[in-house]
Amino acid sequence: MTVTDAVEPVKPADLRPAGPAPTIVVVRPPARGARALLRACAARSSVELRAFFRNKQSLVFTLFFPVILLLVFGSIFEGKVEGTNVDFRQVFMAGVIAAGVMSTAFSGLAINVAIERDTGTVRRLALTPMPKSAYFVGKLVRVVVTTVLETVLLIGIAVAAFDLPLPSTAERWSTLVWCLALGTAACALAGTAYSAVIPNSRSAAAVVTPVFMVLQFISGVFYPFDKLPLWMQNTAALFPVKWMAQGFRSVFLPDSFTAVEPAGSWELGRIALVLAAWAVGGLLATMLTFGWRGPRVR
């Protein structure tokens, strides 16, 4: 027998270590699409907030206009609301908070979208790789931040200067939160949809401001709601400002004030239903009417 015949070939299986085969765990990275969308939304939200706070006209009209109303009318009106022991200024201050929500979420947003559409900004953003949903997320973040800031500012001034009592129970604080959230959503989506009827940037304020002012007057912001004509009450009941003002009255005023409310109660369930319906309706209207290009943009 030769040496060559005595050596057996080495098989690959003989090189494997003894014992069970090792388990290989494959870790998949997160989907790039989700990460990209989050980055785009964060970047767009940052741009929206910087643009808002750098624009002095936007700050004055959107953020400080309700504050001016609060200071002026709060200094003028005095006395008790007829049939109650509640100071009229407290009623007015609860209503002006609702006006503040409409100012930031409806008026400011509708004018801003109309200007961006007319100047071609919306069209250019639609042609970039940025997801279109990031544009709406950025607007929503801007509205939420400015609305919360507006509300805190109004409540702080009302408490410090006009003795508005803060909510006394956790339930009232909860009502403040959900009424503010639903009211903001309803007004923001309605404002985005309403921007479709604004023909150009120059007429934006002229088309939006009358709606903003009229709804304040007929919704019980400047005057006790039960003292308004019945046709005006019925008209206001179709829009969210009346229900926001009523919800905020339930937060800051005593339950005895329901004696002069039209329904004799706060109607919190109906408030939530109406505001939610406006939010859904505004979303559907936005989906059907929103355009990425203004009539003068090619």
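Throughout what follows, the structure given in this document is the object of discussion. (Residues numbered from 1 in each chain as written. Predicted model: local features only at pLDDT ≥ 70, side-chain atom pairs only at ≥ 80, totals over all residues. Heavy atoms only, no water.)

## Focus: a nonpolar patch on the surface
Inference 1: Together, Val-60, Phe-64, Ile-68, Val-72 and Ile-76 make up a nonpolar patch on the protein surface, roughly 440 Å² of accessible area in all.
Inference 2: Among the secondary structure elements, Ile-68 is positioned in helix H3 (residues 56-76). (Patch = residues over 30% accessible without salt bridge, like charges linked within 9 Å, V, L, I, M, F, W, Y side chains within 5 Å. Areas by Shrake-Rupley, 256 points an atom, 1.4 Å probe, with all protein chains shown as cover. Salt bridge = Lys/Arg side-chain N within 4 Å of Asp/Glu carboxyl O. Helix = DSSP H or I, 4+ residues; strand = E, 2+ residues; numbered from the N terminus.)

## Quick look at the side chain of Arg-172
Inference 1: One can find Arg-172 in helix H7 (residues 170-194).
Inference 2: A polar contact is formed between the side chain of Arg-172 and the backbone oxygen of Val-251, at a distance of 3.2 Å.
Inference 3: A distance of 2.7 Å separates a polar side-chain atom of Arg-172 from the backbone oxygen of Leu-253.
Inference 4: Once you skip the residues sitting within four places of it in the chain, Arg-172 turns out to touch Pro-167, Ser-250, Val-251, Phe-252, Leu-253, Pro-254 and Asp-255. (Polar contact = N/O pair within 3.5 Å; in protein donor to acceptor, adjacent residues only side chain to side chain. Contact = heavy atoms within 4.5 Å.)

## Remarks on the packing of aromatic side chains
Inference 1: Enumeration over the complete set of coordinates arrives at 15 aromatic pairs.
Inference 2: Between Phe-52 and Phe-53, the aromatic rings sit 5.1 Å apart at their centres with planes inclined by 85°, giving edge-to-face as the arrangement.
Inference 3: We classify Phe-52 as buried; its relative accessible area is 2%.
Inference 4: Exposure remark for Phe-53: the relative accessible area of 37% places this residue in the partly exposed category.
Inference 5: Relative to Trp-266, the ring of Phe-257 lies with its centre 6.4 Å away and its plane at 15°, an arrangement referred to as stacked.
Inference 6: Exposure remark for Phe-257: the relative accessible area of 3% places this residue in the buried category.
Inference 7: Relative accessible area serves as the criterion here: at 10%, Trp-266 is assigned to the buried category.
Inference 8: Among the aromatic residues, those joined into a cluster by ring pairs are Phe-73, Phe-92, Phe-217 and Phe-222.
Inference 9: Positioned above the aromatic ring of Phe-290, the side-chain terminus of Arg-117 is 4.9 Å from the ring centre.
Inference 10: The ring of Trp-243 carries the charged tip of Lys-242 above its face, separated from the ring centre by 3.5 Å. (Phe/Tyr/Trp six-rings, centres within 6.5 Å; stacked < 30°, edge-to-face > 60°. Buried < 20%, exposed > 50% of the residue type's maximum accessible area, 1.4 Å probe, protein only. Lys NZ or Arg CZ within 6 Å of the ring centre and 35° of its normal.)

## A closer look at the packing of H3 against helix H6 (residues 132-162)
Inference 1: Viewed as axis vectors pointing N to C, H3 and H6 meet at an angle of 20°, and their least axial separation amounts to 11 Å. Between H3 and H6, the crossing angle belongs to the class labelled roughly parallel. The hand of the H3/H6 crossing is right-handed. Across from Ser-58, Thr-62, Leu-63, Phe-64, Pro-66, Val-67, Leu-70, Leu-71, Gly-74 and Ser-75 in H3, the residues of H6 making contact are Arg-142, Thr-146, Leu-149, Glu-150, Leu-153, Leu-154, Ile-157, Ala-158 and Phe-162.
Inference 2: Of the residues contributing to the contact of H3 with H6, the split by class is 12 nonpolar, five polar and two charged. (Axes fitted to C-alpha atoms, helices over the stretch in contact; angles between N-to-C directions. Parallel < 35°, antiparallel > 145°, perpendicular 65-115°, else oblique. Left-handed = near helix turned anticlockwise from the far one by under 90°. Nonpolar A, V, L, I, M, F, W, Y, C, P; charged D, E, K, R; others polar.)

## Regarding the nonpolar core
Inference 1: Counting 72 residues, the largest nonpolar core has Leu-70, Tyr-135, Met-244, Phe-248 and Phe-257 as the members making the most contacts within it.
Inference 2: No other element matches the 18 residues that helix H4 (residues 88-118) contributes to this core.
Inference 3: What Met-244 contacts, discounting residues up to four positions off in sequence, is Ala-98, Val-101, Cys-179, Gly-183, Cys-187 and Leu-275. (Core = buried A, V, L, I, M, F, W, Y, C linked by side-chain atoms within 4.5 Å.)

## Quick look at helix H11 (residues 268-289)
Since the α-helix advances by 3.6 residues per turn, residues separated by three or four positions end up pointing in the same direction.
Inference 1: Helix length check: H11, at 22 residues, gives a terminal C-alpha distance of 31 Å against a target of 32 Å (1.5 Å per residue), a fit within 8%.
Inference 2: Those residues of H11 lying buried are Ile-271, Val-274, Leu-275, Ala-279, Gly-282 and Thr-286. Down the axis of H11, the sector holding all buried residues measures 140°, keeping them to one side. The outward face of H11, more than 90 degrees from its buried face, is lined by the exposed residues Gly-269, Leu-273, Met-287 and Leu-288. (Expected span 1.5 Å × (residues − 1). Arc of directions from axis to C-beta.)

## Quick look at the packing of H4 against H7
Inference 1: At their nearest, the axes of H4 and H7 sit 7 Å apart, and the two run at 20° to each other. With respect to H7, the element H4 is oriented roughly parallel. For the pair H4 and H7, the sense of crossing is right-handed. Facing H4, whose interface residues are Val-101, Met-102, Ala-105, Phe-106, Leu-109 and Ala-110, H7 presents Leu-180, Gly-183, Thr-184, Cys-187, Ala-188, Ala-190, Gly-191, Thr-192 and Tyr-194.

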